[in-house]
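Per-entry structural report
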Amino acid sequence: MKIPSLKNKACLALRTSGLAFVLLIAAAAVQPVYGASTGTDGAAARPSPVQNTLTADLAGSRNPDGVMLTIGWFRKWIKEIDEHGSPSRYVQAGANLGVSPAYAKGAVYAEWGPVVFATVRLEYDLYSFFGTNSGLLSFPDARSKFGQHELKNLEGEEETGTGQRILVQPTLYAMAGPVIIMNQTDLTYYRFNGRGPYFLDWEYEMLIQDGDSAFANRTQFLIPAWKGEGQAVLYTGPYYEITHARDADLTRQRAGLFEYWVPADTLLCMNRPRIYSMAAFNIQDRNRQGEIYLAVGVGTDFDLN
């Protein structure tokens, strides 16, 4: 089955790994896979073979509560264009910097899109914890609770320190009529310098041991609800995710709805301004089972060429 650019891969790789101080829908913020813009004659304009873009996103969440500002840059080398003028093969490299009340996070990554229905990313993250706002907390064993009540009791116990993460993230795409189906897997390895032996990781809201690994998988159904000019689009749909920490043997499952809206192709000096949100139900969670998780974010790109 030929998949015509997967609607430009929905103009996003909806990356939801890391929901706490940051809602990473659409990347460490958003990593769009650009489609073609429309020329004055109505035809698709061929994108530049090399693209340089700045990104900026502000995202927040409720239960647990958090907020993060993320800025980034990436450079994309387009190897092949499909009949719709969209990249079908590409290589991309970039960097992101995020800041929250609890920690700062720097990331560098490389991403490869060998075919239109698959991408893979390799990323290195470095965390710097401020020693406040539950940023780097230690727990005595894997059975410890780490809900809002427990975190409040641990105020003042935070450490300053650093953490590291290596992430391998393959993503697969398919289409069923107009609906884009996206499945994304995170394979991670962590290092922390602190008392331990277990640490609260805000990316997955899990207890992680130094030298531990975590697995996450999410499936999303991108249903096109509206299409404007250029890359203006509204997607909404259901999603499901499961996360597991190996050494702590902790599993969390969530299911819910999300939306991703680009109201205009350009607005003032901004390219592809976006608004995104998520509402999810915790099917399985040690601290918040049966409770609702909410998140919302805004962002934009700035094309440099």
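Each remark here, short or long, concerns the structure printed above.
An account of the accompanying structure is given in this report.

**Observations concerning the sheet that holds strand E6 (residues 138-139)**
- If you walk across this open sheet you meet the 3 strands as E6-E9-E10, and the pairing is antiparallel. Of all strands in the sheet, those with a lone pairing partner are E6 and strand E10 (206-209), marking the two edges.
- Where strand E9 (residues 198-201) and E10 come together, 4 bridges link them in antiparallel fashion. Within E10, the residue paired with leucine 200 across the bridge is leucine 207.

**Comments concerning the nonpolar core**
- Counting 27 residues, the largest nonpolar core has Phe139 and Leu207 as the members making the most contacts within it.
- At the level of secondary structure, the elements contributing two or more residues to this core comprise strand E5 (118-130), strand E8 (179-192), E9, E10 and strand E11 (213-227).
- Here phenylalanine 139 is in contact with Ser144, Lys145, Phe146, Leu151, Leu154, Gly196, Pro197, Tyr198, Leu200 and Leu207, once residues within four sequence places are set aside.
- One finds Tyr239, Phe258, Tyr293 and Ala295 within the second-largest nonpolar core, a separate group that totals 17 residues.

**What to know about the pairing of strand E15 (residues 270-284)**
- Pairing analysis gives 9 bridges linking strand E13 (residues 250-262) to E15, with the strands arranged antiparallel. Within E15, the position partnered with glutamine 253 by the bridge is glutamine 284.
- Counting the residues between successive antiparallel strands, the hairpin from strand E14 (residues 266-267) to E15 contains 2 residues, one of them, leucine 268, with a positive phi of roughly 55 degrees.
- In this structure, E15 lies alongside strand E16 (residues 292-303), joined through 9 bridges in antiparallel fashion. Note on E16: the bridge partner recorded for tyrosine 276 is glycine 297.

**Describing the side chain of threonine 219**
- In this fold, threonine 219 is placed in strand E11.
- At 2.8 Å, the side chain of threonine 219 forms a polar contact with the side chain of asparagine 183.
- Each residue touching threonine 219, except ones within four places of it in the same chain, is listed here: Ile181, Met182, Asn183, Pro238, Tyr239 and Tyr240.

**Considering the pattern of salt bridges**
- Under the criterion given, the structure shown has 24 salt bridges.
- Glutamate 241 serves as the salt-bridge partner of arginine 252, at 3.4 Å between the closest nitrogen and oxygen. Here arginine 252 is found in strand E13, whereas its partner glutamate 241 is found in strand E12 (residues 233-245), with 11 residues between them in sequence. Comparing arginine 252 with glutamate 241, the two get one shared label, buried.
- Overlapping salt bridges bring together Lys105, Glu111, Arg121, Glu123, Asp125, Arg165 and Glu203 as one network.

Analysis parameters
- Residues numbered from 1 in each chain as written.
- Predicted model: local features only at pLDDT ≥ 70, side-chain atom pairs only at ≥ 80, totals over all residues.
- Heavy atoms only, no water.
- Pairing = 2+ DSSP bridges.
- Helix = DSSP H or I, 4+ residues; strand = E, 2+ residues; numbered from the N terminus.
- Core = buried A, V, L, I, M, F, W, Y, C linked by side-chain atoms within 4.5 Å.
- Buried < 20%, exposed > 50% of the residue type's maximum accessible area, 1.4 Å probe, protein only.
- Contact = heavy atoms within 4.5 Å.
- Polar contact = N/O pair within 3.5 Å; in protein donor to acceptor, adjacent residues only side chain to side chain.
- Salt bridge = Lys/Arg side-chain N within 4 Å of Asp/Glu carboxyl O.

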